[in-house]
Every structure is written in structure tokens, then in C-alpha cells.
Amino acid sequence: MQPWKISAGLTAALAGATFLLGGSRLEYLAPHWALILARHGASVGLHAAFAVVTVAAAIYGVARATGLADLGSRVGLAERSVRRGEGDQDLTDALRRDAEGDWE
């Protein structure tokens, strides 16, 4: 999986959790939302977008720093080398039988 996909998914999960947990605490503003959004809607929207981008960039940076960003490509490379016959012969045979549909 690509690191930006992981970052986007985790960011969406965090944003949703924040909205669900924090939304109930802003209930006292309900009568004033129209006025708040009319006067400060663009600023609030811009700051929210920056917050989402910052969280996504932080998650992406952590994934790159810890080596998780290239994990999918490394696993794919290892699988291709095993399927070519390099490495464990029993695993190569099992993968060949699996590709042929022979599951016995």
C-alpha cells in the first residue's frame, strides 16, 4: 500500500473521531453557527484544511522515517524473487501450486 493512502486513511479516521468527540462540546454554539460561518467561515475552513494537511503530512513523514512507506514494495519484491525460484524452494513450489489452483 502506498504511504499517501495510509496517511489519507488515518487522517480521515482522526478527523472523523475529532468531529464526533468535539462536535458535542460545541453544542452551545448552535444558535450562532449562521453568524459565525457568515463572518469567519472562510478562515475556519482554511484553518481546518491546514490542520488536515498537517496531520496527513505528519503521518506520511513518520511512515517515511520508520521505513513503513516502502514496506509494500519490499514485500512485493521479496514475493517476486521467491516466485522466480530464488530462496526457499519449498515456498516456491507452494506458490506455484497455489497459482495453478492445486491446493492439496
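Residues numbered from 1 in each chain as written. Predicted model: local features only at pLDDT ≥ 70, side-chain atom pairs only at ≥ 80, totals over all residues. Heavy atoms only, no water.

### Quick word on the confidence of the model for the protein chain
- For the protein chain, the mean per-residue pLDDT works out to 83, and 95% of the residues sit at or above 70.
- Across the protein chain, element-level confidence peaks in helix H2 (residues 33-66) with a mean pLDDT of 89 and bottoms out in helix H3 (residues 71-83) with 77. (pLDDT = per-residue confidence, 0-100. Helix = DSSP H or I, 4+ residues; strand = E, 2+ residues; numbered from the N terminus.)

### Remarks on a nonpolar patch on the surface
- A surface patch of nonpolar side chains, amounting to about 420 Å² of accessible area, comprises Leu 26, Tyr 28, Trp 33 and Leu 37.
- Mapped onto the secondary structure, Tyr 28 falls in the loop between helix H1 (3-23) and H2.
- When its relative accessible area of 59% is taken as the criterion, Tyr 28 is described as exposed. (Patch = residues over 30% accessible without salt bridge, like charges linked within 9 Å, V, L, I, M, F, W, Y side chains within 5 Å. Areas by Shrake-Rupley, 256 points an atom, 1.4 Å probe, with all protein chains shown as cover. Salt bridge = Lys/Arg side-chain N within 4 Å of Asp/Glu carboxyl O. Buried < 20%, exposed > 50% of the residue type's maximum accessible area, 1.4 Å probe, protein only.)

### Some remarks on the side chain of Ser 7
- Residue placement: Ser 7 occurs in helix H1.
- Among all residues touching Ser 7, those that are not within four sequence positions of it are Ala 56, Ala 57, Ile 59 and Tyr 60. (Contact = heavy atoms within 4.5 Å.)

### Looking at H1
- Here H1 spans 29 Å end to end across 21 residues, near enough to the 30 Å set by a 1.5 Å rise per residue.
- When we look at burial in H1, the residues that qualify are Pro 3, Ser 7 and Thr 11. Axial view of H1: buried residues confined to an arc of 60 degrees, hence all on one face. Opposite the buried face of H1, by more than 90 degrees, sit the exposed residues Ala 12, Phe 19 and Leu 20.
- Close packing links the buried residues of H1 with H2. (Expected span 1.5 Å × (residues − 1). Arc of directions from axis to C-beta.)

### Focus on the environment of Thr 54
- You can see Thr 54 is positioned in helix H2.
- Since its relative accessible area comes to 52%, Thr 54 is described here as exposed.
- Along the sequence, Thr 54 and Gly 22 sit 32 residues apart, while their C-alpha atoms lie 19 Å from each other.

### Some words on the pattern of salt bridges
- For the coordinates displayed, the defined rule picks out one salt bridge.
- Across the pair Glu 100 and Arg 96 runs a salt bridge whose closest N-O atoms are separated by 3.4 Å. With Glu 100 and Arg 96 both in helix H4 (residues 89-100) and four residues apart, this pair spans about one turn of that helix.
- Residue Arg 96 is classed as partly exposed on the basis of its relative accessible area, which comes to 41%.

### Describing the side chain of Thr 11
- Following the sequence through the fold, Thr 11 ends up in helix H1.
- Judged by its relative accessible area of 5%, Thr 11 falls in the buried class.
- Once you skip the residues sitting within four places of it in the chain, Thr 11 turns out to touch Val 52, Val 55, Ala 56 and Ile 59.

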